[in-house]
Structure formats: structure tokens, C-alpha cells
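# Chain and residue survey
Residue-level listing of the chains:
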Amino acid sequence: MKLKRLVSAVLAIGMALTILPTAAFAAGNTIGSSEVGGLEITEEGYPKVPDETPGSIVVNGVTVTRTNITTNATGPLDRCTGEGWWWTPYRNKPGSGTMTIASGYSYKGSKIRNEIVLYNQGTINGGKYRFVNNSGTINDCYVHQIINSAGGVINGGTYYEMIKTNSGTINRAVFKLKSNLTDAHELTAQGCIINEDLQDHVYTVGDPKVTIAFKDTRKKVSGWFINGEKVDETTLPGAVAGRDGDYATLTFTMPTDRDVEITVSKIVTPLKIENGLPVDSFGSYFGSPYDGWTYNSGVETEELNKAMTIEDWYTADLENNAVKWRITNNGILQNGTIRNSVTNNGTVKDVTATSYFTNNGTIESGVFSRYTNFGEQNPAVRWVTVNGGTVNGMTTAGVVGEQEVTITAPDGFKCWSVAGDTDFTLTEEQKHTNPLTLKLNGEDKGTIILTAQSEEGYYPLNLTDGKAYSVTADGAKDKEITAARAGDTVILEADSTLIPDGMVFDRWEITGNTELTGGFDASAEKTQFIMPNTGVTIRAMYRMADVEEPDVLGTVAVVATAGVGAAVLGWTGYNVAADLYAQSILPEGTAIPETKEALAVMLWQNAGKPEVAAADGASLTESEQAQQWVVANGLMENEEDGTFHPEKGVGKFAALNTIKAQQEAANTQ
């Protein structure tokens, strides 16, 4: 379609060069001086004219006629004439031909872009145009492509491109591209709209009037800066700041003696939380790097488990809220509970992290799940395990620094008993307190084991990676429990947030010889059973989802000999299996990539570091080359927003399988 339009435009311009020196210019010279009449641009982008030839219609009180000029191989060429303008379309091609504003006439333009090639011999005072060849005067408008011919004068307006060397006069104008311009200055306003039609940066000739618009729905703009200095009468005389709906605006006359960079000063919105989502005074708000935090890449959502990124200069205070966000912390994260994965590249303190936690920075204090990788810091940890209950919502948790934890037991609680490898004890009052609050310090190290003793008839449910619920009278799921009476129906569910990356649920494993009845299905993520007259210890077990045969069998066989188990592995077994699997794929001593960037670089290096060039010719770092190469070759994919996100984590088995697939593909070539 674009090619057809280009061909039509070229043919139209060629015809114009043939026709205009005679009929067109003669007609132009016979018309008096006034505003054009009968010129109305349709939604299709061309003038409203009669459908039939010959024919006439009345447009805005002016008669517009249509007559035939000639017939050639291209088809019948018609002439449509109003007051002070004419258009020569091919009869069967409504958007073809050229249009002329006659000398001595002015045209205020249309908000609908005129798609016809326009020759201006008169004066244009506004409107939008695809292509203009100007030999008259332009005071204001938007033109995508312009030729300023001999005698042409540009006194203002906004243009995308000057497509030929200027033969006329440009007193003032704004251009997107610098081609065919001389003595132009650059105007940069990143993230802003310039004169309604252009963005980010433009080139100016002379001293045009410029309006910069920054989308500011939440009214965060507090000021404007020019070349790093606050805009005032000294730095930018006559500049006027204002608003246009959701946009903050700055209107000024462009200086003629220098390049200009315009920036906005914005109010930083602190992180506030309501109902699991970040908010500001207007409602849900998803932040920006300028605020120091960004949720879901700044895109509006009602989902509670999207990614939150904290900048390295920002302190994110959760204010004792519990969130389900996947957090990448590069700054300071404090005071709250995170029920999803956390990658810490900064500092955390006084948090409870109930899921996976990878520490690449510093942990000052907090309560962490058994899935925590404490990294090189390797802080002192005091572990707490609660049989028949929870500690800060977990069955096992590690305490770093000084922390207050809450130990909770279910209905039927009688007292706490204490075991472990420390000299920790409870007072008589504490033994009978539920919930129980304890102040612990990771520096004391060791393991505390608390067991909730139940009243007669109640038996404990010791679950790992799962949740148990009582049922209502009609059999529906009721409240979460950690003990039940013999004969009660118990609903059992695997905790999907705790399934290790690269694995899927496989089955429930019961410790001891307890047999569960009442519809219990060991292979179902959600099942139920009748509580026996004894305690039940049960855990969710996982299997590797992304290792193809025969590698699973080989890996698991080795793992089994190490005492981890057969085809079903816990988190420790998962890591052991991954390391063993890696031995058959990676050179000795090579670490398994843990981020998308690390995996991309390894794949690119394995391929011999093929050179990748940027579309604009700019030089790329090795990481940038690797990212582009793996996507282009189908080894990895961009995220939903169309960018690679090199910082994102990647599962061990997913990484190893990708490397192995590359190796196998290379071996078959």
C-alpha cells in the first residue's frame, strides 16, 4: 500500500509539472485575493468534490465543479475547482493527483491531514499536510514532507522533513530531521511532545514558537529546566508554564544562539500500599524510576503478584504491609512481609520473606524461609521449626539479627514443647500462650524446635510446602488449620508459590506408616482425607519438569545413591540434581547462569561471539550483542513488553536445557 501511494505521488508530481505551467498558473492569476472557498477535507484526507464528471456540488456556500482535462494511459484526469484552489485527481483514484492554493489566496487548513500533494502559491495559516511544495507563504501548519521552492517563505510551523535543499526563505520553523537544513539548533525534551506532532528532539531554524507537553496525569510536574537551569525570565524570557488537560506545558520562543535541552522537575511519589497494590492520592499508581520504585514496569494492573523494582537510591518502606510482589531490590527494603520471590542487590532489614530469597547484597535483619540463598554475606542465622503450627506464617524460618517472631498454633492447642540443639527454654506462661511472641537473635545461631501439643482428640498436621483446611458443614473449604480431630475431613493443597523453579508438583509423601483414607489422592495437588487418630506428617514433593529422557534417569540415579531420593526431589535435591546435570553439559568449574544476561552471554560466546550491529550503527557492548543475537536466533525470547530484561532470573534446568539444545544443534550441522 505504501509503495502504491509513493508511485501515485510521483506520477501526480510529474503530471503537475506538465499541467501547472499552463492551465494552473493561468487560472491562479485570474482569481482575486481572499480566503479560499469550498475547500473541505474529508475523513479520507482529500477535498470534498463531485462524484460525477462533469458535475458540481455546493460546499460551505461555494460551488465546486468537476470537469475532465484529458484522458491518457493512466486514466481520465479531472479538474476539481473551488474558489482559490483546484485539484487534479485521476477519476478512478480518489486520493491521486495534485492540489493547488492559488496566488493571492489564503487557507487556514484542516485538522484532518490533507493527503494530497499540495502546491502552495498563496498563504497557508494552519492545518496538517502530507506533502507541500511551497512557493508562497506558510505562517503555521504541520507538514510531513516539504519542498521550499524559489520564492517560498516559511514564517512558522512544524515539519518532519525538508526533502530538498531549501531554495526559499525560512524565517522560523521546527523540523524533526536535520536533512537539508543550515544554521539549525537542536532542541531536546526527552519524554515530551513538541508542538503536538513531534517527540523527544527536533531542530529549529530562527526563533519559532515552541510548546513542550509532558503527560502529567497525576500532576507531579513541579517545574521546568533549560540546560540544567530553572526556567525563569533570565534563563528563558517570556516562557509560560501551564496545563492542557493531562499535560503540563511550557511555551516559549526558541533562542537563536544555542542548542536547548528542556527537562521537567517532578514530585517524587513515595511508596504507599493499599489492598496489596501501590497507590497515591489519585488511586492505584505504579511508579517510575524517577520515583525510586516501579511496579509492573509502570503499566496499570489489578494483579497483586507482578514485579516491583526498587532503585539503588530509594528506601522502600512497606509500612508493615504484606505483599505478593516479585521484588528486585537495588536500594533499601524494609518493614514488611513479602510472599513472593526477592532478589536483593541492596539492603534489607526487618522483613519477613516467605518464599525464595536470593541475597547478592546485605541482610541486616529479618525472618526468611528455608528457600533462602544467603549468598556471600552468609549471616548468622537462628532457625525455628514449628511442628503443628507456624512461625511468621512458615513451618520453618531463619532469623537474622534481632527480630520479633510470632508462633501460632491451631484450634485444639494445649501447650508448647521445646527441642533442638540450643539451650532455649520457655517459661510456664509462654508454654501455654497462643499465639506466642518471641524475641530472637540470629547471632545465637542453632535450631529451635517447637511442637504444638494438642488437647485430647486433636492431632497435629505437620505440613511442608502445603496447606491444610477444615471444611464447612456442606463440605466447602473453611479456615487453614495445623491440627484436627480424629474423623474430621481435611482439605490438603500444595502451595504453588513454593514450587521450585524448573519443577512441578509430583505427589504427597507421608512420613511413617500412616494410611490416609477418605478420598486421599497422593498424586493430586489438591486432595482430602479423614484425619486418623494420630498426627500426620506430610510434605509436597516435586519432579523436574524440563529435563528430557534419558537425562532425568541418569541424573536421578546418581542423586538417589546420594540419599536424596528417586524421581521426586525436594529443594535441596533439586540443586544437587541441577549441579550433577550441569557436569554433563558445562566445562568443569563453570557456574550455571542464574540471569537472562548471563545465559545470553554464554550462548553467544559458545557460538564464537558473532558480531551484531545496532540498527543505527551505534556500538554495542558484548552483553547487548549477546541479547540481540540469542533473540534473533530463537534461543531466548523478549519479555511481554518487547524488551529482553537481562536482570531477570532463569531456572537452572531451563538454562541447562537451552545450552544443551544449542550444543545438539551445533553437532548436527
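Coordinates for the structure precede this section.
The following refers to the structure shown. Bear in mind the structure is a predicted one, so any value in this text is a computation, not a measurement.

### Structural notes on the overall build of the protein chain
Each helix and strand counted, the protein chain has seven helices and 54 strands in total. Summarising the internal contacts of the protein chain: among those between residues at least 6 apart in sequence, 44% fall at separations of at least 24. Carbon together with sulfur atoms contributes 47% to the accessible area of the protein chain, which is approximately 32,500 Å² in total.

### As for the environment of Phe131
Looking at where Phe131 falls in the secondary structure, it is placed in strand 10 (residues 128-134). Put simply, Phe131 and Leu118 are 13 residues apart on the chain and 6.1 Å apart in space, counted from C-alpha to C-alpha.

### So, the sheet that holds strand 1 (residues 34-35)
Across the sheet, six strands lie side by side as 1-7-9-11-13-15; this open sheet has parallel pairing. The sheet is open, and its two edges are formed by strand 1 and strand 15 (169-170), each paired on a single side. Taken together, the two bridges between strand 13 (residues 153-154) and strand 15 define a ladder with parallel strand orientation. Looking across to strand 15, one finds that Val153 is bridged to Thr169.

### Observations regarding helix 7 (residues 652-667)
Over its 16 residues, helix 7 extends 23 Å from the first C-alpha to the last, a length consistent with the 22 Å expected when each residue adds 1.5 Å. Residues of helix 7 that are buried: Phe653, Ala655, Leu656, Asn657, Thr658, Ile659, Lys660 and Gln662.

### Looking at a nonpolar patch on the surface
Judged by side-chain polarity, Val268, Tyr290 and Trp313 come together as a nonpolar surface patch covering roughly 290 Å² of accessible area. Take Tyr290: it is sitting in the loop between strand 28 (287-288) and strand 29 (293-295).

### Let's talk about the side chain of Asp280
Along the chain, Asp280 turns up in strand 26 (residues 277-280). Classification of Asp280 as buried rests on a relative accessible area of 16%. Here Arg218 takes part through its side chain, which lies 2.4 Å from a polar atom of the side chain of Asp280. Polar contacts involving the side chain of Asp280 include one to the main-chain amide nitrogen of Phe282, which spans 2.9 Å. The contact partners of Asp280, leaving out residues within four places of it in the chain, are Arg218, Thr269 and Tyr285.

### Notes on the packing of helix 5 (residues 596-606) against helix 7
Running from N to C, helix 5 and helix 7 point in directions that differ by 15°, and their axes come no closer than 11 Å. Taken together, helix 5 and helix 7 sit at an angle that is classed as roughly parallel. The two elements helix 5 and helix 7 meet at a crossing, and its hand is right-handed. From helix 5, Leu599, Met602, Leu603 and Asn606 reach across to helix 7, where they touch Ala655, Thr658, Ile659 and Gln662. Classifying every residue of the contact of helix 5 with helix 7 by side-chain character gives five nonpolar, three polar and no charged.

### A look at the pattern of salt bridges
By the definition in use, this model includes 21 salt bridges. Arg66 is the salt-bridge partner of Asp78, the closest N and O atoms lying 3.0 Å from each other. Here Arg66 lies in strand 3 (residues 62-72) and Asp78 lies in strand 4 (residues 75-81), a separation of 12 residues in the sequence. Taken individually, Asp78 and Arg66 each receive the classification buried, so the pair is uniform in this respect. When the shortest N-O distance is used, the salt bridge between Glu115 and Arg113 registers 2.9 Å. Under the relative-accessibility criterion, Glu115 is labelled partly exposed at 27%. Connected through salt bridges with shared partners, the residues Arg66, Asp78 and Arg91 form a single ionic network.

Reading the values: the criteria
- Residue numbers restart at each chain and count upward from 1, following the sequence in its written direction.
- Whole-chain, interface and lining totals are the exception, using all residues; otherwise, since this is a predicted model, local features are given only for residues with pLDDT of at least 70 and side-chain atom pairs are given and counted only at 80 or more.
- No hydrogens and no water enter the side-chain calculation; it runs on all heavy atoms of the structure.
- Strands here mean DSSP runs of E at least two residues long; helices mean DSSP runs of H or I at least four residues long; both are numbered from the N terminus.
- What makes two residues a contact is simply this: any of their non-hydrogen atoms within 4.5 Å.
- Values of accessible area rely on a 1.4 Å probe in the Shrake-Rupley scheme; residue burial ignores everything except the protein chains shown.
- Pairing between strands is defined by DSSP: at least two bridges between them are needed.
- To estimate how far a helix should extend, the number of its residues minus one is multiplied by 1.5 Å.
- A simple rule labels every residue: compare its accessible area, found with a 1.4 Å probe on the protein chains alone, to the largest value its type can have, and call it buried under 20%, exposed over 50%, or partly exposed in between.
- Residues forming no salt bridge and having over 30% relative accessible area are the ones grouped into patches, like charges within 9 Å of each other and nonpolar side chains (Val, Leu, Ile, Met, Phe, Trp, Tyr) within 5 Å.
- Here, a salt bridge means any Lys or Arg side-chain nitrogen found within 4 Å of an Asp or Glu carboxyl oxygen.
- Distance and chemistry together define a polar contact, namely a pair of N or O atoms within 3.5 Å, with one atom able to donate a hydrogen and the other to accept it when in protein, and with adjacent residues in sequence counting only for side-chain atoms on both sides.
- With axes taken as lines fitted to C-alpha atoms, and helix axes fitted only over the stretch in contact, angles between N-to-C directions fall between 0 and 180 degrees.
- We call two directions roughly parallel when the angle between them is under 35 degrees, roughly antiparallel when it is over 145, roughly perpendicular when it lies between 65 and 115, and oblique otherwise.
- For a crossing to be left-handed, the near helix must be turned anticlockwise from the far one by less than a right angle; the clockwise case is right-handed.
- Three residue categories are used. Nonpolar comprises Ala, Val, Leu, Ile, Met, Phe, Trp, Tyr, Cys and Pro, charged comprises Asp, Glu, Lys and Arg, and polar comprises the others, including Gly.

Purely geometric numbers; function is a separate question.
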